[in-house]
Amino acid sequence: MKPIIEIKNIGKKYKIGVHRGYLSLREQLASKTAHAIKSLTRGNKNNDKENDEFWALRDVSFNVNEGETIGIIGRNGAGKSTLLKILSKITPPTTGKIALRGRVASLLEVGTGFHPELTGRENIYLNGTILGMTRAEISKKFDEIVAFSEIEKFLDTPVKRYSSGMYVRLAFAVAAHLEPEILLVDEVLAVGDAEFQKKCLGKMGDVAQEGRTVLFVSHNMGAIRQLCNSGILLTEGKIAALGKTDIVVDAYLQTIATSHPTDGGVIASNDKFGIALKKVDLLNNKGVESPVLQAGAAGFICLVLETTSPQKNLLVSIAVNTLNDTRVCILHTGISDNRGVDLQPPAARLLCHLPKVPFLPGKYRLHIKIAEANGDTIFNVPYATEIAVEGGDFFGTGKLPDVTWAGVALVEHTWQVT
Amino acid sequence: MQSKESIIEPPKKFIHIEWREFWAYRDLFLVMAWRDISVRYKQTLLGVLWIILQPVMTMAVFTFIFNRMAGIESGDGTPYPIFLYTGLLLWQYFSSTVNNSAQSMVANASLIQKVYFPRLIIPATSVTTAFVDLAVSSAILVVMMAYYGFMPQLVGVAIIPLLLLIVTFTALGIGLFLASLNVKYRDVRYALPFFINIGFYVTPVIYPAAMLDKYPVVKTLFLCLNPMASVINGARTGLLGRSTIEWDTLAVSLFVSIIYFLFGLFYFRRTESYFADIA
């Protein structure tokens, strides 16, 4: 059987300065004139032209078979969104050819085309037709959409009076009821609160289970690992890795880890004590630097410190907060270790070992405090750094908690009947 | 959503209009048109009354200024207010179509960058709002005709679709061209109101076309470039019926309006694929 998506040598060229923002006619005329004068005086035309060009994608080729769910990963500006925009026909490629064998729907944003003055009911029709449904299809699914969005009571209220949560729920409800054969999804999970993100992930999982073909762009490696059978890593517009999700995600994490800035920066310091916190690293269970911790696996939070003189009996604490500033826990040397930390100059690494990372996938902020043995603060760094935790097999059962269940921590437990 | 098996390639030099695709998206066209109409007078006190108020008040003020003060007459004995109102209606239909469609692509830039659909739908829906306005404010014309005792000639009523077709082709042609231009050069936003204003005075709206007879060169030029002149003239003779319809000038206007339309359409199609990149 032919692949459902065939992508051959796709390239996309932008002219720098033109693709961002618009030009007024005067500016355009001015630059044309300047250009003409320059080429008259210097006699070369093509040099500037080459420099103004930028390839967002270059020679990208791959095939997708029906029913596959592919995660597209890469850093910002690697070309992920450009690729989805080309596949959704929003912008044409400069080179190459794509064959799509099925109905395509793209979800590059939640709530595209929502009009604030129109009611929820009206916006369901508006947004639905914009996403490619017919009015008949929407009418058929109308009740389902409303039930999913949980906004029955406000169906005839203009959406400008909705809370942002209601707005996003309604928007996602419409999108979730598209029934394309090929679904293109861009980082839509980045909007909304944690609970909503989890609901979206759950729905995405369902879509993948139903045998549709999904191309999914995300920075959430946990979601990618959970949903996708294979992955594509884009680096500077080219395919850097392609294959099994785990391998591609690891390759991506490696590229991030190796590019950590080592600019001698300091997060916090105290000159009187001669102590400085240089950076905070995460190490995986093998002690190798990693941008994320994996739930259920071992991991280390590593504080890279410098000191000019030997230090005795320091109290070090790391407070872990969610992005909403809910305290998850405090990791404190004085309590869990029941002793202070000794440091020798010039530099030391203080490792906090988590034998089984108990956090749910997501992002957390670390507040770091170092104090003397008597409790006097040496320095206190709120929001010292942000860390990411990806999903993992915490309970060793091969099952993950449903992503729609809210929470922040995984708690070890057993069940028995007595 | 797109049909089975589609190919995406760099844009070709040769342009063709995908009518079948446009037809497949007819629901989107209807819903967008309905959105534009229903959103317009939300949270206004007078609501739909504004559609009527605008031309009626313009008529009152213009009658006073141009007829009473400046002494401009309809030339054939038709009462000036109804003479003026007929012209105003068609001119407003024309100018709001041009205006709406010229601004439409920029106004919907966020949509264009996030979803694919035939781009033509957006400027095309601009026609519908202007058309609804025309239909509503025509009611006043009917009332005025009854008041002044005008019975339109049958042929006068029969040519209305033709007249509207000419106006729509012309307005949409100009609008499509300006809509694409506006995506790249926002100068359009500033230049357009000015040119529409000029257009109003070089079109026989407040004065009869017969006044141009003294300037044969200007009259020929108007006839060739400005289909609105003969459309308004045709509507007046047809509905208010003091002379015979000038079929030859209407034929020229129809031809010119088709040229405008095709030019706008092809210019739009040639540039549309890059809208998402530069909007």
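All figures in this text were calculated on a predicted structure; none of them were measured in a lab.

**Thoughts on the overall build of chain A**
Helix and strand counts for chain A stand at 10 helices and 19 strands. In chain A, 71% of the contacts between residues at least 6 apart in sequence involve partners at least 24 apart.

**Here we look at the confidence of the model for chain B**
Taken residue by residue, chain B gives an average pLDDT of 88. The fraction at 70 or more is 97%. The complex model carries a pTM of 0.72, and its ipTM stands at 0.83.

**So, the nonpolar core**
Of all hydrophobic cores here, the largest spans 164 residues; its most connected members are Ile72(A), Ala171(A), Ala175(A), Leu184(A), Phe216(A), Leu90(B) and Val167(B). Of the residues that make up this core, three or more belong to each of domain 1 (5-42 + 50-255) and domain 2 (268-390) of chain A.

**Overview of the confidence of the model for chain A**
All names here are of chain A. Looking at chain A, the pLDDT average stands at 82 and 86% of residues meet or exceed 70. Note on residues 44-48: pLDDT under 50 across the span, and 2 contacts to partners over four residues away in sequence or across chains. In this model residues 259-263 is a low-confidence stretch, pLDDT under 50, and it forms 0 contacts with partners more than four residues away in sequence or in other chains.

**Re the interface of chain A and chain B**
A common way to state how big an interface is: give the accessible area lost once the parts meet. Between chain A and chain B, the contact holds 43 residues from the first and 29 residues from the second. Breaking the side of chain A that touches chain B down by element, the ones donating at least two residues are α3 (80-87), β4 (95-100), β5 (104-107) and α4 (120-130) of chain A. The element contributing the most residues to the side of chain A that touches chain B is β4(A), with 5 residues. When its residues are assigned to classes, the side of chain A that touches chain B shows 21 nonpolar, 14 polar and 8 charged. Where β4(A) lies against strand β1 (residues 6-8) of chain B, 3 bridges are found, and the strand directions are antiparallel. Counted as the bridge partner of Ile98(A) is Ile8(B) from β1(B).

**What to know about the domain arrangement of chain A**
Residues and elements named next belong to chain A. Taken domain by domain, chain A holds domain 1 (5-42 + 50-255) and domain 2 (268-390). Of the residues lining the interface, 5 residues belong to domain 1; the matching set on domain 2 comes to 6 residues. Top element by residues in the side of domain 1 that touches domain 2 is helix α8 (residues 221-227). It accounts for 3 residues. Here the side of domain 1 that touches domain 2 is built from residues that sort into 3 nonpolar, 1 polar and 1 charged.

What counts and what doesn't
Note on numbering: residues in each chain are counted from 1, in written sequence order. All chains are assigned letters beginning with A, and all ligands numbers beginning with 1, in the order in which they are written. Predicted model: local features are reported for residues with pLDDT of at least 70 only, side-chain atom pairs are reported and counted for 80 or more only, and whole-chain, interface and lining totals are derived from all residues. Only DSSP runs of H or I reaching four residues or more are called helices, and only runs of E reaching two or more are called strands; each is numbered from the N terminus. We call two residues in contact if the C-beta atoms placed from their backbones are at most 7 Å apart. Residue-level confidence of the predictor, termed pLDDT, takes values from 0 up to 100. For this entry, the nonpolar core is defined as buried Ala, Val, Leu, Ile, Met, Phe, Trp, Tyr and Cys residues connected by C-beta atoms within 7 Å. Field definition: a residue is buried when 20 or more other C-beta atoms are found within 10 Å of its C-beta, exposed when 12 or fewer are, and partly exposed for counts in between, with C-beta atoms placed from the backbone. Where each domain begins and ends is defined by an automated method or by a domain database. Note on residue categories: nonpolar means Ala, Val, Leu, Ile, Met, Phe, Trp, Tyr, Cys or Pro, charged means Asp, Glu, Lys or Arg, and polar means any other residue, Gly included. Paired strands, as defined in this entry, are two strands with at least two bridges between them according to DSSP.

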